[in-house]
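A structural walkthrough
Each chain, letter by letter, is given below.
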Amino acid sequence: MNTYNIYALRVTGTNSFFYVGLTMMAIEKRLCSHFHESRSGVGSNKDKIGVIVSAEFCIDSILIEHFTSNKRYAREREDYWIECFLNDGHPLTNKVRIAEYKESDTKKILIDIPLMYLVDMKEAAKESGQSVKSFIEVAAIEKVQKIKKAKSSK
Amino acid sequence: MKQKKEYESVKIAKEVVDKVREDKKTTGVPVSTFFYQAAVEKLKLKKVSK
């Protein structure tokens, strides 16, 4: 368990946010590392860097949520907030996550499975002659069918 | 100190993701969470039936 902060960045004096992030650092410290990335050009998110540089580093970092949890839950919350901000029309520059959000219906996705379950899943999959990937896929399809069946019988 | 990795990523086929995504309204949770929950539930069921 770790303590996480979800924050949003905006140019000082504006109301639209251009980045939503997740960090275990204090948000002020994380803002400094965004500035460092922008100055040195080491960051891969050129859109975000572009906004920071063109605003001459006048950026507000606003704390959205503070919680203690595992990494999985923290990433879910980050996804949730990105989706909320996008739905509210904020011009986010979250490169990877936006790509997942916009194009996820055309791409493969990665599922994080805790190691404590993965060992058992590998074993269960092996018993039924499947790979872990197939085990998870079949489980999901079965669950969808089960939910649909339960809903239609209501 | 480097943190110990607690997760391993599994790639899910596009076709299956599409199928689950189609029913996102029915399932009511994010797609990745749904896959995770389904797999863990199936695993627990297997353990019980043994």
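For the structure, check the block above.
The sections below set out a description of the structure shown in this document.

1. A short note on the interface of chain A and chain B
The interface of chain A with chain B comprises 43 residues on the first partner and 40 residues on the second. Approximately 3900 Å² of surface area, both sides summed, lies buried where chain A meets chain B, with 64% of it carried by carbon and sulfur atoms. Of all residues in chain A, Ile109(A), Ile111(A) and Lys143(A) give up the largest surface area on contact with chain B, accounting jointly for 14% of the area buried on that side. Put simply, chain A and chain B have two salt bridges between them.

2. Describing unusual backbone geometry
Residue and element names in this part refer to chain A. Of note, the phi angle at glutamate 56 is positive, near 55 degrees, even though the residue is not glycine. Here the phi dihedral of phenylalanine 57 falls at roughly 65 degrees; this positive angle occurs in a residue that is not glycine. In this fold, phenylalanine 57 is placed in the loop between helix H2 (46-54) and strand S3 (59-69). On the basis of relative accessible area, phenylalanine 57 is assigned to the partly exposed category, the value being 24%.

3. So, the packing of helix H6 (residues 132-152) of chain A against helix H3 (residues 31-49) of chain B
Between H6(A) and H3(B), whose axes approach to 8 Å, the crossing angle comes to 95 degrees. Between H6(A) and H3(B), the angle is such that the two are roughly perpendicular. Of H3(B), the residues touching H6(A) (which contributes Phe135(A), Ile136(A), Glu137(A), Val138(A), Ala139(A), Ala140(A), Glu142(A), Lys143(A), Val144(A), Lys146(A) and Ile147(A)) are Phe34(B), Phe35(B), Gln37(B), Ala38(B), Ala39(B), Glu41(B), Lys42(B), Leu43(B), Leu45(B) and Lys46(B).

Basis of the calculations
- Residues numbered from 1 in each chain as written.
- Chains lettered and ligands numbered in written order.
- Predicted model: local features only at pLDDT ≥ 70, side-chain atom pairs only at ≥ 80, totals over all residues.
- Heavy atoms only, no water.
- Contact = heavy atoms within 4.5 Å.
- Buried area = accessible area lost by both parts, 1.4 Å probe.
- Salt bridge = Lys/Arg side-chain N within 4 Å of Asp/Glu carboxyl O.
- Helix = DSSP H or I, 4+ residues; strand = E, 2+ residues; numbered from the N terminus.
- Buried < 20%, exposed > 50% of the residue type's maximum accessible area, 1.4 Å probe, protein only.
- Axes fitted to C-alpha atoms, helices over the stretch in contact; angles between N-to-C directions.
- Parallel < 35°, antiparallel > 145°, perpendicular 65-115°, else oblique.

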